[in-house]
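Residue-level structure breakdown
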Amino acid sequence: MIGNTFGRLFRVTTCGESYSGAFRKNANIPAELWGGLAVIVDGVPAGLKITADIIQEELDKRKPGKSKLATPRSEADKVYIFSGVMQDDRTTGAPVCMLIPSSDIGDYHIKQHTDNKDLLRPGQAAYTYYKKYGEHSDYLGAGRASARETAARVAGGAVAKIILDSMGIDVIAFTVESHGIKAGPFSYETAKQNYRMNDINCPDAEAAELMTKDLLEVIKEGDSCGGVIEIIAKGVPAGLGEPVFDKLSATIAHGLMSIGGVKGIEFGDGFGVASKKGSECNDTPYYDEETGRIRFKTNRAGGMLGGISNGEEIRIRVAVKPTPTILKDQLTVNVATLEPVVHKFASRSDPSLVPRVYPICEAMVRMALVDSILMSTGMRSLTDMNARWDDL
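Reading guide: rules and limits
The residue numbers shown here count from 1 along each chain, following its written sequence. A pLDDT threshold of at least 70 governs which residues receive local features in this predicted model, and a stricter bar of 80 or more applies before side-chain atom pairs are shown or counted, although totals over entire chains, interfaces and linings include all residues. Note that water and hydrogens are dropped before the side-chain values are worked out from all heavy atoms of the structure. UniProt positions are given in the numbering used here, feature names are shortened, and annotations may be inferred rather than shown by experiment. Secondary structure follows DSSP: runs of H or I at least 4 residues long count as helices, runs of E at least 2 residues long count as strands, and numbering of each begins at the N terminus. For every residue, the accessible area obtained with a 1.4 Å probe (protein chains only) is divided by the maximum for its type, and the residue is called buried under 20%, exposed over 50%, and partly exposed between those limits. Any two residues having at least one pair of non-hydrogen atoms within 4.5 Å are treated as being in contact. Accessibility throughout is a Shrake-Rupley quantity obtained with a 1.4 Å probe, and a residue counts as covered only by protein chains that appear here. Charge counting follows a simple rule: Lys and Arg are positive, Asp and Glu are negative, and His as well as the terminal groups are ignored. For charged residues, the charge sits on one atom: NZ in Lys, CZ in Arg, CG in Asp, CD in Glu. What makes two strands pair is DSSP finding at least two bridges between them. All axes are obtained by fitting lines to C-alpha atoms, using only the stretch in contact for helices, and the reported angles, taken between N-to-C directions, cover 0 to 180 degrees.

You'll find the protein chain entered in an unreviewed UniProt entry as Chorismate synthase, with Ruminiclostridium herbifermentans given as the organism. As recorded by UniProt, the Subunit (unreviewed entry) comment attached to the protein chain reads in full: "Homotetramer." Word for word, the UniProt comment on the protein chain under Catalytic activity (unreviewed entry) is "5-O-(1-carboxyvinyl)-3-phosphoshikimate = chorismate + phosphate".

Pasting the structure below:
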């Protein structure tokens, strides 16, 4: 399996599976070392203060079993810093490695997955994984296709957050739609003020209540639903990203679209630009005497021009599909016998990915930003260019 690293200079590599360690339970091995998730972050500057508590704060945002809207799976998601941080909790410049042991890999649930390993779960990656890895495919809880994998991303994104915080750059994500119930638009200030004020993380309390009631009804039906997450990056300097294949918008899209369950993405007005004229779409530039910089009167482009940041808020929305494993009879195929089967899969899946996917979105955007900042800083240091452009 390849493709487990994201980034060029700020590089985040993850490993581990949903039920990692299920076959290594052994009295001679501490439970914390049976298996789980690991993440290595390369390109971390020396001297940053990183503690397990700082990383844990981000992990707790996506931690399962914390509300009636989430999976009952009870993972501790406790993070341990393994390397790269030494005296006074400061980074040394070496790769930072973090471990997140799996704590809920009980034999009962292992047996459930083993008994159904030949049945293709509709909407999941079981068929495509069998095509790639055959009989060696990990059938326990979807393996690397499981949302459990994203805990390692959040840990890596927490390191990126420490770097961005020092630069005054903030990235927040929140729910703007669940099962067709919409909220917003929201200013950054409103979204920040009401961040994580309810279980579904919608800045509008009234809309959040409607979304929650609707989701609870969906749960009663044994079904699932999708929604839309919006991400705002505030304080991003202009000039990040490269003009062609490595546009900042492309790098961010790569990160967000790599999240399981994300099926669509748009920046700024997104698909809305298709029905507009140029005069209705263009953001008008002006010179802001107060800041001494070029600003834009509107932000329909979502903070990007030519795929490069223009100094305005970066605004992104992602569409999240309904959780594929549901408590309903579904038609599928037994890959061993090739016979059709109607089956209701036992599940501890989230009834909606929306309440827990937002910290993963934040993590991927943060990684992309830090990577682009390191690239841009390095290139600028070697570029002979009038300094006035840095201040404009």
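What follows is about the overall build of the protein chain. Along the protein chain, the regular secondary structure elements total 10 helices and 16 strands. Taken over 392 residues, the protein chain has a buried fraction of 46%. In the protein chain, the proportion of contacts linking residues at least 24 apart, taken out of those at least 6 apart, comes to 73%. Carbon together with sulfur atoms contributes 55% to the accessible area of the protein chain, which is approximately 19300 Å² in total. A gap of 2 Å separates the mean positions of the 46 positive and 50 negative side-chain charges of the protein chain.

With that settled, the discussion passes to unusual backbone geometry. The linkage connecting Gly184 with the following residue, Pro185, adopts the cis geometry, with an omega of 5 degrees. Take Pro185: it is sitting in the loop between β7 (181-182) and α5 (188-193). Its identity is not glycine, yet Asp77 carries a phi of approximately 50 degrees, on the positive side. By secondary structure assignment, the location of Asp77 is in the loop between α1 (52-62) and β4 (80-83). For Asp88, which is not a glycine, the phi torsion comes out positive at approximately 60 degrees. Assignment of secondary structure puts Asp88 in the loop between β4 and β5 (96-101).

Another aspect to go through is the sheet that holds strand β3 (residues 36-42). Neighbouring strands of a sheet are bound in pairs by backbone hydrogen bonds; such pairs are parallel or else antiparallel. Sheet architecture is open: five strands sit in the order β1-β2-β3-β5-β4, paired in antiparallel fashion. Looking at the sheet topology across the chains shown, the edges are occupied by β1 (5-6) and β4. In this structure, β1 lies alongside strand β2 (residues 11-16), joined through two bridges in antiparallel fashion. Along β2, the bridge assignment pairs Phe6 with Val12. Across the face of the sheet, helix α4 (residues 150-165) comes into contact with β2, β3 and β5 while running at roughly 30 degrees to β3.

UniProt marks Arg144, Ala145, Ser146, Gly306, Lys321, Pro322, Thr323, Pro324, Thr325 and Arg348 with the feature "binding site: FMN" (unreviewed entry), using the numbering shown here. An extended arrangement is adopted by the annotated residues: their sequence extent is 205 residues, and the largest C-alpha distance between any two is 43.2 Å. Along the chain, the position of Thr323 falls in the loop between β14 (314-320) and β15 (330-333). Overall, Thr323 belongs to the buried group, its relative accessible area being 7%. Considering the arrangement of structural elements, one finds Arg348 in the loop between β16 (340-343) and α9 (354-381).

This part takes up the sheet that holds β14. Spatially, the five strands line up as an open sheet ordered β7-β6-β8-β14-β9, and their pairing is antiparallel. Looking at which strands have only one partner, the edges of the open sheet turn out to be β7 and β9 (262-267). Sheet strands in contact with helix α7 (residues 248-257) are β8 (227-234), β9 and β14, and its direction is about 155 degrees off that of β9.

In terms of burial, strand β6 (residues 170-178) is largely enclosed, as eight of its nine residues are buried. Bridge count for β6 against β8 is eight bridges, and the pairing is antiparallel. Its bridge partner being in β8, Ser178 is matched across the sheet by Gly227. Judged from the two bridges that link them, β6 and β7 form a sheet pairing that is antiparallel. Each bridged residue has a counterpart across the sheet, and for Glu177 the counterpart in β7 is Lys182. Hairpin remark: β6 followed by β7, antiparallel, with two residues in the connecting loop; positive phi at His179, about 50 degrees.

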